[in-house]
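# A structural walkthrough
Each chain is listed here by its residues.
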Amino acid sequence: MTRIINAAREPEIEDLVRFLRSAGAMITGEGSSVLHIEGGSPLSPAEYTIMPDRIAGATYACAVASAGGEVMLRQVTPGHFSSVTALLEAAGCRVKAEVDRLFIARNGELSPFYSVKTMPYPGFPTDAQAILLATAIRGKGISAFTETIFESRFRHVSELRRMGADIRLYGKSALVFGRETIRGARVSAHDLRCGAALVVAALGAQGETQIDNMQYVARGYDDMPTHLNRVGAKITVL
């Protein structure tokens, strides 16, 4: 028997446990901080459908909040990223969640997010911090972000500033002073979430934005340009 203490509680861990159990593994405790694994039994073939990507769902929801408009996201699990959509709703978006669909719309001004602090699940995910921050640059007022999970998690800030964003860093915190308009610019993705954040910002910017190093985004999202173009974006992959 192996016991893992202080295990992550994210939905992806639960999904992994369910998959392994469908193949014959003896694991209990998913969703808690302690996992019990009884070894010695061979695994067998299994067919399993993996869960939807919650950060992809959060990214597309933020894209709507940044650009405006109305979108229905299908094949998502809204409860897995409700910490993000709750903030979007509080900032003025209309959100309606169903079992495997999420309707989100923004037709008026976007209010500030005030205080966002990354936390272990079920708190606000660190992987959505850059994406929501990119949305906040269009918000009216001041939004505050505090990163408690990873260091050097504000690499997207310098690129967003190239687009005219007013963002001030204070150690592990960032203050975003929202502006009515930001402008397109040539920027560069430093990592996966930075690239996604730049796409979200570009959708809400005036003019054209060129994003270099988009291979990072391609690694973490299933054909993001095609999905966004279907709902009215104008994205060309060079």
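Structure first, text after, so check above.
The shown structure was predicted, so the numbers you read here are calculated from the model rather than taken from an experiment.

## Let's talk about the pairing of strand 5 (residues 94–97)
Pairing geometry for strand 5 and strand 6 (residues 101–106), over four bridges, is antiparallel. By the bridge assignment, A97 is partnered in strand 6 with L102.

## A look at the packing of aromatic side chains
Centre-to-centre distance and the angle between the planes together describe a pair of aromatic rings. All chains considered together, the criterion is met by one aromatic pair. The ring of F177 has R168 lying over it, and the distance from NZ or CZ to the ring centre is 3.9 Å.

## Remarks on the pattern of salt bridges
Tallied over the entire structure, the rule returns 12 salt bridges. Between E70 and R94 there is a salt bridge whose closest N-O contact spans 3.0 Å. Highlighted residues: E70 in strand 4 (residues 69–74) and R94 in strand 5, separated in sequence by 24 residues. Under the relative-accessibility criterion, R94 is labelled partly exposed at 42%. Among the salt bridges present, the one from R101 reaches E98, with a minimum N-O distance of 2.9 Å. The partly exposed category is assigned to R101, whose relative accessible area is 32%. Take E98: its relative accessible area is 34%, and that puts it in the partly exposed class.

## A closer look at helix 2 (residues 54–67)
Look at helix 2: 20 Å from first C-alpha to last across 14 residues, which is about the 20 Å you get at 1.5 Å a residue. In terms of burial, helix 2 is a largely internal element, 13 of the 14 residues being buried. Among the residues of helix 2, the N-terminal cap falls to D53, whose side-chain oxygen and the backbone nitrogen of I55 are separated by 2.9 Å.

## Thoughts on the sheet that holds strand 4
Sheet architecture is open: three strands sit in the order 4-6-5, paired in antiparallel fashion. Two strands bound the open sheet, and with one partner strand each, they are strand 4 and strand 5. Here the average twist between neighbouring strands, direction ignored, is 10°. Taken together, the six bridges between strand 4 and strand 6 define a ladder with antiparallel strand orientation. Its bridge partner being in strand 6, L73 is matched across the sheet by L102.

## Some words on the pairing of strand 10 (residues 173–177)
Covered by surrounding structure in strand 10 are A174 and V176 only, the residues S173, L175 and F177 on the alternate face being uncovered. In this sheet, strand 10 lies alongside strand 8 (residues 142–146) in antiparallel orientation, the contact comprising five bridges. Bridged to A144 within strand 10 is L175. The pairing of strand 9 (residues 166–170) with strand 10 spans five bridges and is classified as antiparallel. Counted as the bridge partner of R168 is L175 from strand 10. The antiparallel pairing of strand 9 with strand 10 creates a hairpin that spans two residues between the two strands, and G171 there sits at a positive phi of about 65°.

## Let's talk about unusual backbone geometry
Cis geometry is found at the peptide bond from Y121 to P122, where omega equals 15°. A positive phi is found at Y114, a non-glycine position, where the angle reads about 60°. By secondary structure assignment, the location of Y114 is in the loop between strand 6 and strand 7 (115–117).

## Concerning the sheet that holds strand 3 (residues 34–38)
As a general point, the strands of a sheet are linked pairwise by backbone hydrogen bonds and lie either parallel or antiparallel. Reading across the sheet, the three strands line up as 1-3-2 and stay open at both edges, with antiparallel pairing between neighbours. Looking at which strands have only one partner, the edges of the open sheet turn out to be strand 1 (2–5) and strand 2 (26–28). Strand-to-strand twist of the sheet, defined as the mean angle between neighbouring strand axes without regard to direction, takes the value 15°. Relative to strand 3, strand 1 is paired through four bridges, and the arrangement is antiparallel.

## Quick look at the nonpolar core
The biggest cluster of nonpolar side chains holds 62 residues, and the ones touching the most others in it are L88, F113, L132, L160, M163, I167 and Y221. With five residues, the next largest nonpolar core counts A7, V17, A25 and I27 among its residues.

Definitions and cut-offs
- Residues numbered from 1 in each chain as written.
- Predicted model: local features only at pLDDT ≥ 70, side-chain atom pairs only at ≥ 80, totals over all residues.
- Heavy atoms only, no water.
- Pairing = 2+ DSSP bridges.
- Helix = DSSP H or I, 4+ residues; strand = E, 2+ residues; numbered from the N terminus.
- Phe/Tyr/Trp six-rings, centres within 6.5 Å; stacked < 30°, edge-to-face > 60°.
- Lys NZ or Arg CZ within 6 Å of the ring centre and 35° of its normal.
- Salt bridge = Lys/Arg side-chain N within 4 Å of Asp/Glu carboxyl O.
- Buried < 20%, exposed > 50% of the residue type's maximum accessible area, 1.4 Å probe, protein only.
- Expected span 1.5 Å × (residues − 1).
- Polar contact = N/O pair within 3.5 Å; in protein donor to acceptor, adjacent residues only side chain to side chain.
- Axes fitted to C-alpha atoms, helices over the stretch in contact; angles between N-to-C directions.
- Core = buried A, V, L, I, M, F, W, Y, C linked by side-chain atoms within 4.5 Å.

Treat this as a map of the structure, not an account of what it does.
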